[in-house]
Structure formats: structure tokens, C-alpha cells
Amino acid sequence: MIKNYLLLAIKHLKKQKVFSVINILGLTVGITCCLMIFLFIMNELSYDNFHKNGKNIYRVMRVANNNGERREIPYLSPPYGPSLVNDYPDAIQRQVRIMRDNDLISYNNISFNEGNVYLTDKNFFSFFDFHLIKGDTATVLKDPNSIVLTETAAKKYFGTDDPIGKTLEFNKQQQLKVTGIAADVPVNSHLQFDMVIPLEVLRPMQPDWFTQWPNNGLFTYVQLNPAVDPKKLSAQFPSFMDKYMGEFYVTFGFKMALVIKPLNEIYFATDALDGSVKHGNKKMVYIFMSIAILILFIACINFINLATARATDRAKEVGLRKVLGAVRKQLVSQFMMESVLFATVASILSFGLVQILMPAYTNLLGYQLPSFWNDARVYGFILGVIIIVGLLAGSYPAFLLSSFTPIESLKGKLKTGLKGVFFRKALVVFQFGISVLLIVSVIVIMSQMNYLRNTDLGFNKEQSMIVRFDNMSISAKKKQFKNELLSIPAVNSVSLMSGEPGGFHDSYSFESQAKPDEKMLFSTEFTDLDFVKTLGLKIIAGRDLSESFATDSAQSVLINRNAANKLGYTPDQAIGKWIRNISRDSLRRTIVGVVEDYHYVSLKDLIGPLVISPGRDKRLALIKLKTDRLQSTIASIKKVYTDAAPDYPFEYNFLDEQFDLHYKTEAKQQAVLGIFSGIAIFIACLGLFGLASYTSIKRTKEIGVRKVLGSSIQNICFLLSKDLLRPVLLGTLLATPVGYYAMSKWLQSFAYRIDLHWWMFGVAVFTAMVIALLTVGSQAIKAALANPIKSLRTE
């Protein structure tokens, strides 16, 4: 029986080639999109799942209240981990500390500045389940002067030679023996490293660092006893903080709490201040998932529309089969088999299409997805899609066709009625509503991205090069480096600072003349006297820091407008008042100038109070250029750098590129939505094309009669187009309020955002209508231009 159903389905597929191609093409594109999105979602939701004790592993984090905003800070000082294990031995089984570092690694006089080095406790490979190809997890980091390389890192230094036992030089100071080779870190890990070195390698140089509590710079992970309730353990942390940090917090006037975050929640944490680990966006996962469902649904709607529209063509087949004894159940099974066959063929084609598109897809995502050919979940997903699509797309046509009475069917007097027409139109409304919704999303996201790229940031980010002081050689010669840079004609100015706009800014507690009994947390920029000039900031009250005033280098500060407001001053009133950084020293510094607010953080965050203070903590040089000969200028800067730090490679980036990295995720969303919006419209138009083609065929004789009676081509085109374009127009109009609500919610994630304008929705509606008109109009014109004599002879 199943064989007969299959043969009939194949026969029907061959008989109706045009409509079969339309159905298979629509389903293939839809299933391909679903499969690609499924691979992405499967990877995103699998982060850190490969650790066998992962469900009991947590990251310890401090919690700060920054001017009313709760912030989770993952960086802790070295004593936290051992003290937690010591104070809660029944609850915490073990801990591991990790510090990402930037180090110069050398072998045979070849050096690389490695930015992905982990300094960690010796139990790192037994705590986590990163696979070791060579070496024992228990002892591979036992020697303080050992190093473990990933496969890729090993090939980089040693080629095809066996690295085990060979020696690498660490920062031109220590010799490290290669004791293990780890497999390259899985893409679905929030921790990503190229080399692992014992934390103990720092003890000879920095013995006090290991016992200093207020010196935060590493991650601390703990493994809990499975029987322990994490919430009950967290409730005990206030006493822990009072024990070790209470005196410090009383002295400096602020307090922090301690929390633990499950390992499987770290990747999707949106508020974590840990740019050194990988993070994903759960909203993006939901967006992808929604798009996949909608596109597949659009493809199914095409199938249903074409199947129900052509119901009368198969009426005689149904009637004859019923006369010969077929029952409704058998007819339903036959038509469902046809749907499953279409879905199966489309799924097979989708596999090949995904393989072809995978390089472009991974390039869009920014990382390589794992191979899917050997993953049983992928085949299970495809099987599920075939069944769901077969049932979803085939059920309504199957029950509709099997309900025809044999007498009416054989007489050819069958009418599907207004209900069938209404149902098809409703599906077209839904199709184009989805398409317009996606177009609106693309327009709004593009507009927001353009706003972020082009809005006035309050500083000049063009032709601004960043060179970081990430090694001791260049750090020791910062002033010499700056002075030599200023001798290059193409260098306009140079400022040494603790953090570039959009980068990290320290936060400290301040006392002020305005509110001496209140301690306020302000962001702080430590810099030199050329900061305002180099960034092009606007002084709105007072003056800039200057070498003309001897006290400016130690006793003066600038603040921004927001800080003046927090202190209760107007910009002019703030001049001459003092503030004191109680976290660093007891010196009262005088406010000599107020700068206009500028975006020292990304546009996702509100501008907060900022203190610009001369200080020692300078981590980078911002170099303002004035040249069209960029490459020769970079070569000149490189020479100055190499003279100051000959052992280290010269690395740099530009401020505008660095600032744009904050919106990388949104840029991906824009690209993805743009592509999938185009696909959704293509599939919707494919179905519309099929309906228009079928309508033209069914009304061939009517068109011939109208032309003989004098009807113009324009009238015939209008006649054939209006019935199909009405539901398209209705769908676009219904999608507008939904799009407005959805994009309003999306824009709320930005502190600075565009307003939604009517033209955004007008463009989306117009685009959908034009595409639909071209699709339907092409078939209408073809029918209108047909020879009426041939049309009248058509049976």
C-alpha cells in the first residue's frame, strides 16, 4: 500500500512539474534556513556543557552598586579562592584561579606577543575537562616553570617536531619547559586559551601579590559539593566579606557583595565586565529561532496555498478513487505521502545546499561551527522537520481533497467555496505580514547602526592610533616613547592614558567639598596634560590642564558635566572646588576645568560622572595623526616602538575601529536579518507567483472572451492582480503595529537610540507591495498578451 502511495506521489510530482518545482524550491530554501539556524542554536546552547562536573562549577563574582546600578564584577584578588575553600570546606570542594595575560614567548630567537595566555593554578586541567593530548592532568602544571600549549600553538613554535621537553622563554626572564599538549579549545567554551602557565611562575617576582586582598585581576571558579544549595551558601558570603574586606570598605566608604554564577550561565551573561572571555547574546538566539520558524511556516503556506488552489484539478481523481472503493483514510494517507515526499526531497537538497553555503555562513557568524555530518541530533532534527512539514503542509489539503463527494467530483461541478478562497488569502496575509515585519526590523537596525557610527561622540576618533603598554620594556619608557613620537611630522599630538573611549575605566570613591560626608563612585581617567587636546574635548568651564601651572600634574583635575551635576554644581560653580580620591590617597585635588560630556563608554551605556586626573596608571598611548600617508607614518611609529621595546612585536589599532567593536553583535544581527528577510520575501513571492500562474491558467478562457469583447491589457492586468494584491496589502498593514512594538523593545537595550519614524514602515510596506506587484504583474501581463483565439480553444 505504501509503495502504491509513493508511486502515485512520484507520478503526480512529474505530471505537475512547474508547481512541483515551486513547492520543492520553497521548502528547500525554508528547510535550509532552518538547518543552518539549528546548527547555530545547537552550538550556542552547548557552551561549557562538555565539563563533566559543570553543573557544580560556579564563578565567584563581586557585586557593586555604582550610583544605583547593580554591576557584577568577575575579577577577584588571589586570596579569595583559597580563603573560600578554607572557610567553607564542606560546601566548596576545590577552586581554580585564572588570569589572562599578554606575554612575550620566544623560541630560537623567534618571539611572539601572545595575548591569550592563561596563568592558572596547577589543578586547571583536572578542574576543567579540556582534553590533553600529551601530559597527565594531575601533574602537567605541577612544576612552576612548565607550560602547556594547544595543538595550534605547538605547531606555531615547533612545526612537526615533538614539543614535549623543549624550552620556551617567558618574557625574556624565565625558561619554561613544555610538559603537555592540549587539544585546541572547543569553540563552545567561554574560556579560550593558546597556552597555560602555572600561576606560581609569578611568585618569585611578586610574592606579596598572592596575599593582597584589594588587588583584583583574575577569575576564581569553585566546585561545590553536589548536596549544597548555592543560595544558602551565598547567604553566608556577607560575613565572609566582612571578615576579610570589612576594614577596607569602612576606610574607603563603599561595600561590595559576593555571588556565585553557574558555569552554564556565564556565556550568556550580558552585564559581565569580562571582555577577556567569550560571550553570546541570548536575544540573538531567540531572533534566529523565530526567523527559522517563520520562514519554514511561510514555505508551508506556499505548499498549502498551491495545493488547495489546485483542489478542483484533482477532483476527478478523488471521485474515481472513491467510486472504486477508496475510503477517506486511504485518500488522506495518499495526499499526506505526497507532502512527506516533497519535504523529503527538499531536505535532501537542503543538506547539499548547507554544505555549499557553510563557508559564507561561518564567515558571517565569525567562527567555525562544528561538523554536523556525524551528529545524530542533526538527522533527528531533519526527520522531525520532514514529519512536521509533511503534517503541517499536507494535513489541510489532504482532508480538503478527501472530503469531495464522488458524484460532484466526476461531473466536474465541484466548487471549493468561499471558505477555501478566504483561507488562502488569510495565509497570504500572514506571509507578507511576516515579510514586512522582517523588512521593518532591517530598516530600524540599519538606522540604529548608522546612528551609532555617525552620532557626535563628543570627541574626535578619526586618525587616532592606540598603542598599548602591554610589556615592561615599553612601560618603562613611556615618556621617552611619547617625546620621540612628537618628533614625527605626521603626529599631531600624543596623550598617555589609562583607558581609551569605549575601553576600561577605573571606578573610585570620592569625597567632595560639596558633600564632604557622602562618598560617591566616579569613573576615572588617569592621563597626562595633553588628554583634552588629543581627543578634541570641549572645555565648558574653567581651563585645561597645562604645564604652565606647576600644580596641575599632581593637584588638579578635570571633571565632566555629569560629575558637576552629581556634585550639585553648575559647571562654573565647580571650578576651584576640591574632590578627593579616598581609594588612593589623602590629597585634595582642585577642579580646574569642566569638559562637556563625551561618550567615554559605548552608546549602550549612559554617560556617567568622570574625573580626569593626572596619574601614574597609564596603560596606552593615543596618537593623533595628521597625514594621508598612513603606511609610512605607521612605519615611523613602529621604528620608535622597536627602539624602546626591541624584543616585542609592534601592535596597534585605531580608535574608530575599537569603538565600533561594541556594536559587532548588532551588526551581525543586521546582516542576518537582511539575508533572511530577503529569503522570506523570496519564498512568499514564490508562492504568490504560483498562485498567479494558476489563476491565469484557470481564467484563460475568460481572458480570451474579455479580449474579444474589447477589454484592454491594462484592465485584464488589473483584474488578475487585484484579488492577489489585496491580501498582500492587508498583511503589510497588519504587520506595522507589530513591527513598531518589537523594534521599540529592541531599541530599549541602547541608552542612546533613534526614534521610530513613519517612513521606516512606509518603506517596508512599499517594498513588499512593489515586489508583490512585480511578481503578480509579470504573470498578469503574460496572460493578457496571450492570443485570444488560443485562449478560447483552451479546455
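Just so it is clear, the structure is predicted and the values come from calculations on it, not from any experiment.

J.: Just to check I follow, could you spell out the pairing of strand β12 (residues 464–468) for this structure?
T.: In summary, the side chains of a regular strand alternate between the two faces of the sheet. With four of its five residues buried, β12 lies for the most part within the structure. The pairing of β12 with strand β21 (residues 620–625) spans five bridges and is classified as antiparallel. Each bridged residue has a counterpart across the sheet, and for Ser 464 the counterpart in β21 is Lys 624. Bridging between β12 and strand β22 (residues 653–654) involves two bridges; their strand directions are antiparallel. Within β22, the position partnered with Met 465 by the bridge is Phe 654.

J.: Can you help me understand the packing of aromatic side chains in this one?
T.: Describing an aromatic ring pair means giving the distance of the ring centres and the angle of the ring planes. Scanning the model with the defined rule gives 40 aromatic pairs in all. Their ring planes at 55 degrees and their centres at 5.3 Å tell us that Tyr 641 and Phe 650 sit as a pair that is tilted. In this structure, Tyr 641 and Phe 650 share a single accessibility class: buried. Both rings, one in Tyr 740 and one in Phe 761, keep their centres 6.0 Å apart while their planes meet at 40 degrees; by these two values the pair is tilted. Of this pair, Tyr 740 sits in helix α25 (residues 713–747) while Phe 761 sits in helix α26 (residues 758–784); the two residues are 21 residues apart in sequence, bridging distant segments of the chain. Given the relative accessible area of 8%, Phe 761 is considered buried. Ring pairs connect the aromatic residues Phe 50, Tyr 118, Phe 124, Phe 125, Phe 127, Phe 128, Phe 130, Phe 193 and Tyr 221, which therefore count as one cluster. A cation over a ring is seen here: Arg 59 above Phe 219, with NZ or CZ 5.2 Å from the ring centre. Lys 577 extends its terminal NZ or CZ atom over the ring of Tyr 569, reaching a point 5.3 Å from the ring centre.

J.: What's the story with a nonpolar patch on the surface in this structure? I'm lost.
T.: Taken together, Phe 297, Ile 388, Leu 392 and Phe 430 make up a surface patch of nonpolar side chains, about 340 Å² in accessible area. In this fold, Phe 430 is placed in helix α14 (residues 417–454). Overall, the relative accessible area of 35% leaves Phe 430 in the partly exposed class.

Conventions and cut-offs
Residues numbered from 1 in each chain as written. Predicted model: local features only at pLDDT ≥ 70, side-chain atom pairs only at ≥ 80, totals over all residues. Heavy atoms only, no water. Buried < 20%, exposed > 50% of the residue type's maximum accessible area, 1.4 Å probe, protein only. Helix = DSSP H or I, 4+ residues; strand = E, 2+ residues; numbered from the N terminus. Pairing = 2+ DSSP bridges. Phe/Tyr/Trp six-rings, centres within 6.5 Å; stacked < 30°, edge-to-face > 60°. Lys NZ or Arg CZ within 6 Å of the ring centre and 35° of its normal. Patch = residues over 30% accessible without salt bridge, like charges linked within 9 Å, V, L, I, M, F, W, Y side chains within 5 Å. Areas by Shrake-Rupley, 256 points an atom, 1.4 Å probe, with all protein chains shown as cover. Salt bridge = Lys/Arg side-chain N within 4 Å of Asp/Glu carboxyl O.

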